[in-house]
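This is what each chain is made of:
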Amino acid sequence: MIGWFAGYVVSGVISILYEWGPLEKGSLTDVRTIYILQVVAVVLALALIPLALRGFKKMIDRLDEKDWEEDRIARFYMTCSWLRLLAFFIVMVFGMLLYYLIDDSLGLYVAVIAAVCSMFCFPTKAAIESETGIY
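Just so it is clear, the model here is predicted, and its values are computed rather than measured.

Peer 1: Can you break down the side chain of S15 residue by residue, with the values?
Peer 2: Turning to its location among the elements, S15 is positioned in helix 1 (residues 2-19). With a relative accessible area of 18%, S15 lands in the buried category. Setting aside its immediate chain neighbours within four residues, S15 contacts M96 and Y100.

Below, the structure written as structure tokens:
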């Protein structure tokens, strides 16, 4: 749960620092750098979000084929969950930073897409039970 909330908390802190704090919105003005950062943000969103959603599901579906003990399945599931949350965290925080650095809405779109997609990954005991059959 802490890992899931971390993306929202860090994005909120970034917003507070740029809106009311010492950091200046739109401080990056070099056109080439802005273009490169925009491309990186879109590529990160297009690569990490489907990987986090669909790739996680495929890895978990393959657990039925393996003949592992329950504690090993639980550790594998938690490792995959942390990697999935890390992918959302990276996209969300990079999007928020991009929004404030270049003062363009593309970064905000990327951050919102990651935030909405992370809603489908809220970690609960019922989800762990239904996906792995343990706990």
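Read on for the rest.
Peer 1: How would you summarise the pattern of salt bridges if you had to cite specific residues and measurements?
Peer 2: Within the structure shown, the criterion is met by 2 salt bridges. K25 is paired through a salt bridge with E19; the nearest N and O atoms lie 3.9 Å apart. With relative accessibility at 31%, the residue K25 sits in the partly exposed group. Measuring nitrogen to oxygen at the nearest pair gives 3.8 Å for the salt bridge that ties D103 to K25. Here D103, found in the loop between helix 3 (70-102) and helix 4 (105-118), pairs with K25, found in the loop between helix 1 and helix 2 (31-61); they are 78 residues apart in sequence, far enough to count as distant. The network of salt bridges with shared partners includes E19, K25 and D103.

Peer 1: So what's going on with the packing of aromatic side chains? Residues and values would help.
Peer 2: All chains considered together, the criterion is met by 4 aromatic pairs. On the numbers, 5.4 Å between centres and 75 degrees between planes, the contact of W68 with F76 is edge-to-face. Taking the relative accessible area as the measure of exposure, W68 reaches 25% and is therefore partly exposed. Aromatic ring contacts, followed pair by pair, group Y18, Y99 and Y100 into a single cluster. Lying over the aromatic face of W68, R72 brings its terminal NZ or CZ to 4.2 Å of the ring centre. The cationic tip of R84 hangs over the ring face of F56; the distance from NZ or CZ to the ring centre is 3.7 Å.

Definitions and limits used
- Residues numbered from 1 in each chain as written.
- Predicted model: local features only at pLDDT ≥ 70, side-chain atom pairs only at ≥ 80, totals over all residues.
- Heavy atoms only, no water.
- Helix = DSSP H or I, 4+ residues; strand = E, 2+ residues; numbered from the N terminus.
- Buried < 20%, exposed > 50% of the residue type's maximum accessible area, 1.4 Å probe, protein only.
- Contact = heavy atoms within 4.5 Å.
- Salt bridge = Lys/Arg side-chain N within 4 Å of Asp/Glu carboxyl O.
- Phe/Tyr/Trp six-rings, centres within 6.5 Å; stacked < 30°, edge-to-face > 60°.
- Lys NZ or Arg CZ within 6 Å of the ring centre and 35° of its normal.

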